[in-house]
Amino acid sequence: MQRGFRDRDYLQTVEGFLFCVIGSVHPADRVISYVKYAPSENGGWGRNGKRFRRLMRHYTMLNLIETLEFLKDYPQYLYDSNVMGIKISAVPLNRISFHFKPEEKMRELAEAGNENLDELQSKALKLALIISDRSGVPLKYFGVTGSILIDIHQPFSDIDLTVYGIENSKAVKETLKRIYSIEEAGISKLKDARAREWCLNKSRMYPLTYDEAKVILSRKWNRGVFQGTMFSIHPVKLEDEISEKYGDRIFRSKGMIKIEATVSDSSESEFLPSTYIVENVKILNGPHTEDIREVTSYEGLYGGIANEGEKIIAYGKLEAVTDRKSNEEYHRVLIGSQEAQGRDYIKPLL
């Protein structure tokens, strides 16, 4: 199938803005994404004479709302979505000057030769090669995203990788968990001072206690440290694995709700948006609703943190879902909505 716009791709616009793509389901004429960098003479990011300032400082909904305010001066990037029932940022196809693809950057690094790479590029390639070798997933299914992808990284930048395909993602997850257990090849989970700092930051930015953040970190297989540099790995589906088209389901807000539920299927929770199919739902606060089937998060923090059979508490936006393919109607709880103003969450119940 033709390669589409995938989660964690980047787009450069005709003005020089750099947008990060969200998810892999988009309208026909534009790409749902958030603006992360804008050209700036005094910006702290950039190389080869081009400088950028970072608009999306933290991956939180409150920071995303700030980027929507910035884009009011560039209304061509604001989109009233009849499907989602909200205003979002999305890049029209005719405003894209370049489409950055993580797997192409990985191939570029691999072909460049180590002597032509800087330290961070070399480290990103080496990490991908180790994981590829140990997991059996070919390097062509890995990508490098974030600041390395768009060539504006700094020596202190993190390494952000992608892995493409459902089965490939499972293999990489199991491989990393094995590596963490014996801490080989210079790869380890976040621990000690770094783990404490991560938990403190999350407890400041999200409605989580330090101990709740600690539980979430313990379940984050895709966050680690490689030879002193923090890294993340993000599973992304291939085109033939995506069954949903934009507009197949219509979403409408029904207010805020807090629920307790049992996860019956977490297989979609590693991708963005992260979806948990739930059962035995109890309404703790909010409108009485009989048919809540799923909890879905656009906050990457809550991806992959609960397994089948486990209970969760979720606070978020209740949405009525109309499935136009099956003619079904049901409800879901959405985490990462503008209405929640950063107060929503998913917490595993241990």
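So, here is what we can say about the structure in this document. Keep in mind that this is a model prediction, so the values were computed, not measured. (Residues numbered from 1 in each chain as written. Predicted model: local features only at pLDDT ≥ 70, side-chain atom pairs only at ≥ 80, totals over all residues. Heavy atoms only, no water.)

Some words on unusual backbone geometry
Then, in step 1: Cis geometry marks the peptide bond from Leu272 to Pro273, where omega comes out at -5°.
Then, in step 2: Structurally, the position occupied by Pro273 is in the loop between β14 (249-268) and β15 (274-285).
Then, in step 3: Positioned with a positive phi, Asp192 is a non-glycine residue whose angle comes to about 55°.
Then, in step 4: Counting through the fold element by element, Asp192 comes out in helix α6 (residues 192-205).
Then, in step 5: What makes Asp192 exposed here is its relative accessible area of 53%.
Then, in step 6: With a phi angle near 55°, Gln341 is a residue other than glycine that sits in the positive phi range. (Helix = DSSP H or I, 4+ residues; strand = E, 2+ residues; numbered from the N terminus. Buried < 20%, exposed > 50% of the residue type's maximum accessible area, 1.4 Å probe, protein only.)

Focus on the packing of aromatic side chains
Then, in step 1: The tally for this structure, following the rule as stated, stands at 11 aromatic pairs.
Then, in step 2: On the basis of an interplanar angle of 70° and a centroid distance of 6.4 Å, the ring pair of Tyr34 and Tyr59 is categorised as edge-to-face. Taken together, the positions of Tyr34 in strand β3 (residues 30-39) and Tyr59 in the loop between β5 (50-54) and α1 (61-70) put the pair 25 residues apart, joining distant regions of the chain.
Then, in step 3: Tyr34 gets classed as buried once you look at its relative accessible area, which sits at 9%.
Then, in step 4: Its end group placed over the ring of Tyr164, Arg6 keeps NZ or CZ at 4.6 Å from the ring centre.
Then, in step 5: Here Arg332 stacks its cationic end above the ring of Phe251, 3.9 Å away from the centre of that ring. (Phe/Tyr/Trp six-rings, centres within 6.5 Å; stacked < 30°, edge-to-face > 60°. Lys NZ or Arg CZ within 6 Å of the ring centre and 35° of its normal.)

Some thoughts on helix α2 (residues 102-112)
Then, in step 1: All of the buried residues along α2 are Pro102, Glu103, Lys105, Met106 and Leu109. Viewed end-on, α2 has its buried residues packed into an arc of 160°, placing them on one side of the element.
Then, in step 2: Tucked into the core, α2 has its buried residues touching β8 (96-100), α3 (119-135), β9 (142-145), α4 (146-149) and β10 (159-164).
Then, in step 3: Two residues or fewer past α2, Gly113 is found with a positive phi of approximately 85°. (Arc of directions from axis to C-beta. Contact = heavy atoms within 4.5 Å.)

A closer look at the side chain of Thr13
Then, in step 1: Relative to the elements of secondary structure, Thr13 occurs in strand β1 (residues 10-13).
Then, in step 2: The exposure class assigned to Thr13 is buried, which follows from its relative accessible area of 1%.
Then, in step 3: A distance of 2.9 Å separates polar atoms of two side chains, one belonging to Thr13 and the other to Glu15.
Then, in step 4: The contact partners of Thr13, leaving out residues within four places of it in the chain, are Phe19, Tyr77, Val91, Arg95 and Ser97. (Polar contact = N/O pair within 3.5 Å; in protein donor to acceptor, adjacent residues only side chain to side chain.)

Concerning the packing of α2 against α3
Then, in step 1: Running from N to C, α2 and α3 cross one another at 105°; their axes reach a closest spacing of 10 Å. When the axes of α2 and α3 are compared, the pair comes out roughly perpendicular. Contacts between α2 and α3 involve Met106, Leu109 and Ala110 from the first element and Gln121, Leu125 and Ala128 from the second.
Then, in step 2: Taken together, the residues that form the contact of α2 with α3 break down as five nonpolar, one polar and no charged. (Axes fitted to C-alpha atoms, helices over the stretch in contact; angles between N-to-C directions. Parallel < 35°, antiparallel > 145°, perpendicular 65-115°, else oblique. Nonpolar A, V, L, I, M, F, W, Y, C, P; charged D, E, K, R; others polar.)

Remarks on the packing of α3 against helix α5 (residues 166-182)
Packed helix pairs are characterised by how far apart their axes lie and by the angle those axes make with each other.
Then, in step 1: Between α3 and α5, the least distance of the axes is 9 Å, while the angle of their chain directions is 100°. As judged from the angle between their axes, α3 and α5 are roughly perpendicular. Each of Ile131, Arg134 and Ser135 in α3 lies in contact with α5, whose residues at this interface are Ala171, Val172, Thr175, Leu176, Arg178 and Ile179.
Then, in step 2: Its residues placed into classes, the contact of α3 with α5 shows five nonpolar, two polar and two charged.

Concerning the nonpolar core
The tendency in soluble globular proteins is for nonpolar side chains to be buried side by side.
Then, in step 1: Ile259, Val295, Tyr302 and Ile346 are the most contacted members of the largest nonpolar core, which has 31 residues in total.
Then, in step 2: Counting residues per element, the ones that place at least two in this core are α6, α7 (210-218), β14, β15, β16 (292-297), β17 (311-323), β18 (328-335) and β19 (345-349).
Then, in step 3: In terms of residue count, β17 provides more of this core than any other element does, five residues in total.
Then, in step 4: By size, the runner-up hydrophobic cluster in this structure holds 26 residues, among which are Ala128, Ile130, Ile148 and Phe226. (Core = buried A, V, L, I, M, F, W, Y, C linked by side-chain atoms within 4.5 Å.)

Quick notes on the environment of Phe5
Then, in step 1: Along the polypeptide, Phe5 turns up in the segment before β1.
Then, in step 2: Judged by its relative accessible area of 24%, Phe5 falls in the partly exposed class.
Then, in step 3: Once the C-alpha coordinates of Phe5 and Ala128 are considered, the two residues, 123 residues apart in sequence, prove to be 22 Å apart.
Then, in step 4: Discounting residues that sit within four places of it in the chain, Phe5 has contacts with Leu11, Val21, Gly23, Ser24, His26, Val31, Leu93, Ile96 and His99.

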